[in-house]
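# Architecture and fold: a report
What follows is the residue order along each chain.
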Amino acid sequence: MSVVGFDIGNENCVIGVAKQRGIDVLLNDESKRETPAVVSFGEKQRFMGSIGAASATKNPRSTISQVKRLIGRRFREPDIENDLRLFPFECLEGQDGGVLIRLEYLGEMHTYSPVQILGMLFSHLKQIAEKDLELNVSDCVIGIPSYFTDLQRRAYLDAATIAGLRPLRLMHDCTATALGYGTWEGETLMRFCSDILQHSSRSKAPLNIECLMDEKDVKGFIKRDEFERLSLNLLDRISVPCHKALLDSGLTVEKIHSVELVGSGSRIPAITRILTSLFNREPSRTINASECVARGCALQCAMLSPLYRVREYEVQDAFPFSIGFSTKESPICTLSNSALFQKHRSFPSIKILCLHRIDTFHMEAYYADQNELPAGVSPKISSSMIGPFQVSNMEATKVKVRVQLNIHGIVTVVSASLLEDGVDDDSLAKSDDHLTSAKMEAEANHGSSAVPNSAEDSNLKRMKPSSISSGDGLRKSKFVKRLDIPVSECVFGGIAKAELSEAEKTEHQLVQQDLKMEHAKEMKNALESYVYEMRDKVLHTYCGFSTESEREGISYNLQQTEDWLYEDGFDESVDAYTEKLEYLKKLVDPIENRYKEEEARARASKDLLDCITNYRMVVESHPVGERDVVIDECNKAEQWLQEKLQHQNSLPKNADPILWSNEIKRKSEALDMTCKHIMRSNASPPSFEDEDDSDQRDKPDGIRMQQLKHSQKDKKGNCGVL
């Protein structure tokens, strides 16, 4: 297994990987470090990454880009409505109010959600990583913008699930950048020269638009000042989040030590000027602006994975929204602004809520301050049903609910349990069997409350059950019974488990279709290469090993196959290409075998003669009888080879061989085994243990023991003499 980090941008994607020597960025099939975030649907298969981007001009209505803008967003949101007007592909409103992408594929119209498209992109990046690393890729950390809502975060996890990935964490891209910066600064940071020419750094840049309208191309130049004038409304928005960041942090410009500039858009000179004016210092560029997020994610993945040992480095991230919970009765809060999780709170974080309920109830999670959200985003997050459960009496009973803001920045109701008082009839109190929380007892009459998990758990462990006296004089133990309550969650705008499972199946089918088409392309290329290669060999290399009629027949079939490839066979199935290739090989193989056999036969003949010569030399030092037998075998083999070669050489080269190289190899192996057996059997001395066991069994035990002692003495004496 391997650990990787993914950075999905609006334009490009980067894959970082943790290796023994540090963090590296993987190359795609085009040996590039960045892969376009594009999924294009052809007639019979999908094209992703660089190939998909190349298909955008030919097939714009079925080429999906900028999918990151659509993740977790509603069709009627003002920002989304503006973006949809600019996209060349068709978008529809789903039944849940989300965005659906409609396109043609395999001759039919299909609709896919942005989550499915993102899952396809993740699947492509996973394939790149597995091909490069030659390992299975599952564990990963994915970079996301810090402003992503709960629904957008869930959408990323769903997309990763569709692709067969297991995210260990969704990490804010700024946090990933800071992690890489803080860990490697002064060791391995990549320094960039400010005078390197970038597209937006030039005074003017070429403008090329292919097939803009009516198959007409547009070419020209755009100057930097004109570009900045056209982008003025966007550039003015840069200072807004900067001022807000200063206000939220409580820092002044004078207290800022340095400003690090990352991201592809940061290369625009106008952005640098605005930030320089705002912070009274020019921003630094000490890390790779395009790769820093993926590198930081890969490093975080290595920290979270048991596969790597990474030096201790604390990572604390802040959540950008205030989260509240409410029931039918009222909001559940401990803060003045009705928030259970305060804005800028570090996460993961857990809250324990103690409520008093009689039966099933609902809890809703929501954004406590809608001003923190983008325009048009609903404040509702999810609704959880706690129950069903039963109480022993009709009085309200304590219910403990565990609420979590997890490592991904997603808020969930983790568990719920029913707490009821009980009395043990045993005369002796069992001090450790049942535990109760003093803090929860103290809060029983104060309604809803939230206490830290660690504090409550420690109280549960320390407190012993109390005891009471009964009328009969026996002391009874009082304890708290705990019963787990089922929790079911409904995410507003989220994907149901059944839909997610169906999306996984769909992706698997699409992958199989892509593989099928890629296999067909490989077979087509193999057939085309075979046609060109054999045409040259039959006319030149194999000319002497074929008859004129054979050459004419093969040349005709090669030409017919070539014409078919560029006409009817341009887009055929694997079976069609395989059938054509096998037919051509049946025509060419006999000629190719004659050519190859001539060289192979010569090598095999030489090996047999070398074997004969070797045994004739080795056997000279052996006894006469043994020597005569081995030499006789060598003579027979040599005579057989001479007769076979004489017969073979009498035939023309364009005739099928009567002496094959494999036959000569078998003769050589047989001679080698025969000679070794003769020399080994004659050289083996007689063994005392070979005496007939039946004779020994017929003799008394004393005689057998005496003979054994004499035998051992003889052996020792012989050894001494030797």
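Every value quoted in this text rests on a predicted model; they were computed, and no experiment measured them.

### Things to note about the overall build of the protein chain
The helix and strand tally for the protein chain stands at 19 helices and 27 strands. Out of the 722 residues belonging to the protein chain, those deemed buried represent 41%. Contacts in the protein chain between residues at least 24 apart in sequence constitute 69% of all its contacts with a sequence separation of at least 6. Counting every atom, the protein chain has about 41,200 Å² of accessible surface; 51% of that belongs to carbon and sulfur.

### Some remarks on the pairing of strand 11 (residues 137-144)
Most of strand 11 sits out of view: 8 of its 8 residues are buried. The sheet contact formed by strand 1 (residues 2-8) and strand 11 spans 5 bridges and is parallel. Looking at the pairing, F6 lines up with I142 of strand 11. Pairing between strand 11 and strand 12 (residues 166-172): 6 bridges, direction parallel.

### Observations regarding helix 15 (residues 574-618)
Each α-helix winds once per 3.6 residues, and so residues spaced three or four apart point in a common direction. With 45 residues, helix 15 extends only 57 Å from end C-alpha to end C-alpha; this falls clearly short of the ideal 66 Å at 1.5 Å per step. The largest bend in helix 15 amounts to roughly 45 degrees and is located at V588, with the proline P590 lying one to four residues further along.

### Description of the sheet that holds strand 16 (residues 323-326)
If you walk across this open sheet you meet the 5 strands as 17-16-20-21-27, and the pairing is antiparallel. Each edge of the open sheet carries a strand with a single partner, namely strand 17 (331-332) and strand 27 (487-491). Of the pairings in the sheet, the one linking strand 16 to strand 17 comprises 2 bridges and is antiparallel in character. Bridge pairing in strand 17 places F325 opposite I332. Where helix 4 (residues 150-162) meets the sheet, its contacts fall on strand 20 (361-367), strand 21 (380-386) and strand 27, and the angle it forms with strand 27 comes to roughly 100 degrees.

### Observations regarding the packing of aromatic side chains
Aromatic rings considered in pairs are described by the distance between their centres and by the relative angle of their planes. Taken as a whole and judged by the stated rule, the model has 13 aromatic pairs. The interplanar angle of 75 degrees and the centroid separation of 5.3 Å between the aromatic rings of F41 and Y105 together place this pair among those described as edge-to-face. Remark: Y105 occurs in strand 9 (residues 99-105) and F41 occurs in strand 5 (residues 39-41); sequence separation between them is 64 residues. The exposure class of F41 is buried, given its relative accessible area of 0%. Y105 gets classed as buried once you look at its relative accessible area, which sits at 1%.

### With respect to the sheet that holds strand 10 (residues 108-112)
Ordered in space as 8-9-10, the 3 strands form an open sheet in which the pairing is antiparallel. Every interior strand has two partners, whereas the edge strands, strand 8 (90-93) and strand 10, have only one. Each adjacent strand pair in this sheet contributes to an overall mean axis angle of 35 degrees, direction not counted. Here strand 8 pairs with strand 9 via 4 bridges, running antiparallel. Within the sheet, the bridge partner assigned to E93 lies in strand 9 and is V99. Here helix 3 (residues 114-133) sits on the sheet and contacts strand 9 and strand 10; the angle it forms with strand 10, its principal contact strand, is near 90 degrees.

### Examining a negative patch on the surface
A cluster of acidic residues, D563, E567, D568 and E572, forms a negative patch at the surface. Inspection of the secondary structure puts E567 in the loop between helix 14 (548-565) and helix 15.

Reading the values: rules and limits
- Counting starts from 1 at the beginning of each chain's written sequence and moves along it residue by residue.
- The predicted origin of the model limits local features to residues at a pLDDT of at least 70 and limits the giving and counting of side-chain atom pairs to 80 or more, whereas totals for whole chains, interfaces and linings rest on all residues.
- To get the side-chain values, take all heavy atoms of the structure and skip hydrogens and water.
- Every helix listed is a DSSP run of H or I at least four residues long, and every strand listed is a run of E at least two residues long, numbered separately from the N terminus.
- Accessible area is worked out with a 1.4 Å probe on protein chains only. A residue is then buried under 20% of its type maximum, exposed over 50%, and partly exposed in between.
- The contact rule is simple, with two residues in contact once any of their heavy atoms fall within 4.5 Å.
- Only the protein chains shown count as covering a residue, and every accessible area follows the Shrake-Rupley method with a 1.4 Å probe.
- Here, any two strands with at least 2 DSSP bridges between them count as paired.
- To estimate how far a helix should extend, the number of its residues minus one is multiplied by 1.5 Å.
- What we call the bend at a residue is the angle made by axes fitted to the seven residues finishing there and the seven residues starting there.
- Helix axes use the C-alpha atoms of the stretch in contact, all axes being lines fitted to C-alpha atoms, and the angles between their N-to-C directions lie in the range 0 to 180 degrees.
- Stacked, tilted and edge-to-face pairs are distinguished by plane angle, under 30 degrees for stacked and over 60 for edge-to-face with tilted covering the rest, among Phe, Tyr and Trp rings (Trp via its six-membered ring) whose centres lie within 6.5 Å.
- In this analysis, a patch consists of residues with relative accessible area above 30% that form no salt bridge, clustered at 9 Å for like charges and at 5 Å for the nonpolar side chains Val, Leu, Ile, Met, Phe, Trp and Tyr.
- The salt bridge definition used is simple: a Lys or Arg side-chain nitrogen within 4 Å of an Asp or Glu carboxyl oxygen.
- Charge convention: Lys and Arg are scored as positive, Asp and Glu as negative, and His as well as the terminal groups of each chain are ignored.
- Note that the charge is assigned to NZ on lysines, CZ on arginines, CG on aspartates and CD on glutamates.

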